[in-house]
Amino acid sequence: MNDPTAPSERYLQGMATRRAVLGDSHVDRAQQGSTDFDQPFQELITEAAWGHVWSRPTLSRRERSIVTIALLAALGQDDEVAMHVRATRNTGATRDDICEALLHVAIYAGVPAANHAIKIAKQVFEQMDAEQAA
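Not measured: the values here are computed from a predicted model.

S.K.: What is the right way to look at the UniProt feature "domain: Carboxymuconolactone decarboxylase-like" (unreviewed entry) in the protein in this model?
M.R.: In this structure's numbering, the residues bearing the UniProt feature "domain: Carboxymuconolactone decarboxylase-like" (unreviewed entry) are residues 40-122. The straight-line gap between the two end C-alpha atoms of residues 40-122 is 33 Å; of that span, 83% is helix and 0% is strand.

S.K.: Looking at this model, I keep getting lost on the pattern of salt bridges. Mind explaining?
M.R.: Side chains that carry opposite charge are capable of pairing whenever their charged atoms lie near each other. Applying the stated criterion across every chain yields a total of five salt bridges. A salt bridge links arginine 62 to aspartate 97; the shortest N-O distance between them is 2.9 Å. Placement of arginine 62 in helix H4 (residues 61-75) and of aspartate 97 in helix H6 (residues 95-108) is noted, with a sequence separation of 35 residues between them. Residue classification places aspartate 97 among the buried positions, given a relative accessible area of 14%. Each of Arg19, Asp24 and Asp28 takes part in salt bridges that share partners, so that together they form one network.

S.K.: Looking at this structure, I do not really get H6. What am I missing?
M.R.: Residue pairs three or four apart in sequence face the same way in an α-helix, which turns once every 3.6 residues. End to end, H6 covers 20 Å across 14 residues, agreeing with the expected 20 Å (1.5 Å per residue, within 8%). Asp97, Ile98, Ala101, Leu102, Val105 and Ala106 are the residues of H6 that are buried. Contacts made by the buried residues of H6 are with H4, helix H5 (78-91) and helix H7 (111-133). Two residues or fewer past H6, glycine 110 is found with a positive phi of approximately 120 degrees.

S.K.: What is the right way to look at the nonpolar core in this model?
M.R.: The nonpolar side chains of soluble globular proteins are, as a tendency, buried together. Val85, Leu102 and Val105 are the most contacted members of the largest nonpolar core, which has 22 residues in total. Sorting the residues of this core by element identifies H4, H5, H6 and H7 as the ones contributing at least two each. Here the element with the most residues in this core is H7; it accounts for eight residues.

S.K.: In this structure, what is going on with the environment of alanine 133? I would like to understand it.
M.R.: By the secondary structure assignment, alanine 133 is in helix H7. Separated by 95 residues in sequence, alanine 133 and aspartate 38 place their C-alpha atoms 36 Å apart.

S.K.: Just checking my understanding: could you explain the environment of alanine 74 for this structure?
M.R.: Assignment of secondary structure puts alanine 74 in helix H4. As for alanine 74 and threonine 5, which are separated by 69 residues in sequence, their C-alpha atoms are 38 Å apart. If we ignore the near neighbours within four places in the chain, the residues touching alanine 74 are Val105, Ala109 and Ala113.

S.K.: For this particular structure, what's the right way to read the packing of helix H1 (residues 9-22) against H5?
M.R.: Each pair of packed helices can be described by the angle between their axes along with the distance between the axes. Viewed as axis vectors pointing N to C, H1 and H5 meet at an angle of 95 degrees, and their least axial separation amounts to 6 Å. Comparing the axis directions of H1 and H5 gives the class roughly perpendicular. Contact residues: Ala20, Val21 and Leu22 in H1; Met83, His84, Ala87, Asn90 and Thr91 in H5. Residue composition of the contact of H1 with H5, grouped by class: five nonpolar, three polar and no charged.

S.K.: I tried to follow the packing of H4 against H5 on my own but got confused; where do I start?
M.R.: The N-to-C vectors of H4 and H5 enclose an angle of 165 degrees; their axes lie 9 Å apart at closest approach. One finds that H4 runs roughly antiparallel with respect to H5. Two packed elements cross with a definite hand, and for H4 against H5 that hand is left-handed. Judged by residue contacts, Arg61, Arg62, Ser65, Thr68, Ile69, Leu72 and Ala73 of H4 engage Glu80, Val81, His84, Val85, Thr88 and Thr91 from H5. Among the residues making up the contact of H4 with H5, the classes are represented as five nonpolar, five polar and three charged.

Cut-offs applied
- Residues numbered from 1 in each chain as written.
- Predicted model: local features only at pLDDT ≥ 70, side-chain atom pairs only at ≥ 80, totals over all residues.
- Heavy atoms only, no water.
- UniProt positions renumbered as here; feature names shortened; annotations may be inferred.
- Helix = DSSP H or I, 4+ residues; strand = E, 2+ residues; numbered from the N terminus.
- Salt bridge = Lys/Arg side-chain N within 4 Å of Asp/Glu carboxyl O.
- Buried < 20%, exposed > 50% of the residue type's maximum accessible area, 1.4 Å probe, protein only.
- Expected span 1.5 Å × (residues − 1).
- Contact = heavy atoms within 4.5 Å.
- Core = buried A, V, L, I, M, F, W, Y, C linked by side-chain atoms within 4.5 Å.
- Axes fitted to C-alpha atoms, helices over the stretch in contact; angles between N-to-C directions.
- Parallel < 35°, antiparallel > 145°, perpendicular 65-115°, else oblique.
- Nonpolar A, V, L, I, M, F, W, Y, C, P; charged D, E, K, R; others polar.
- Left-handed = near helix turned anticlockwise from the far one by under 90°.

Structural data, given as structure tokens:
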């Protein structure tokens, strides 16, 4: 008999993809910081964003990473931009890819949005470089 409290296949796939893209330490922190209040949200994003969208085979993780960073920059979602720029170490998106995506943001969503996202990306790259050098 099926356990109704067991995670769905979509959730399990989503968690695997989420960990592959964002890294175990990020996902572990999110899981450990989860409360009864936001647990349904964590389940939703794991199943929908990671299990359904990010796990589809049509676009590569690199391509999804580029699209995601551009969309988040256009929406002014600073924390999410930083998180997804950090994730490029796992997705294969290069700094040149991100630069090109943010040029598109400048044209299609506005120079201020792109300018701010570039500032965030530069800060994240500096942190990543420092971590790698250490």
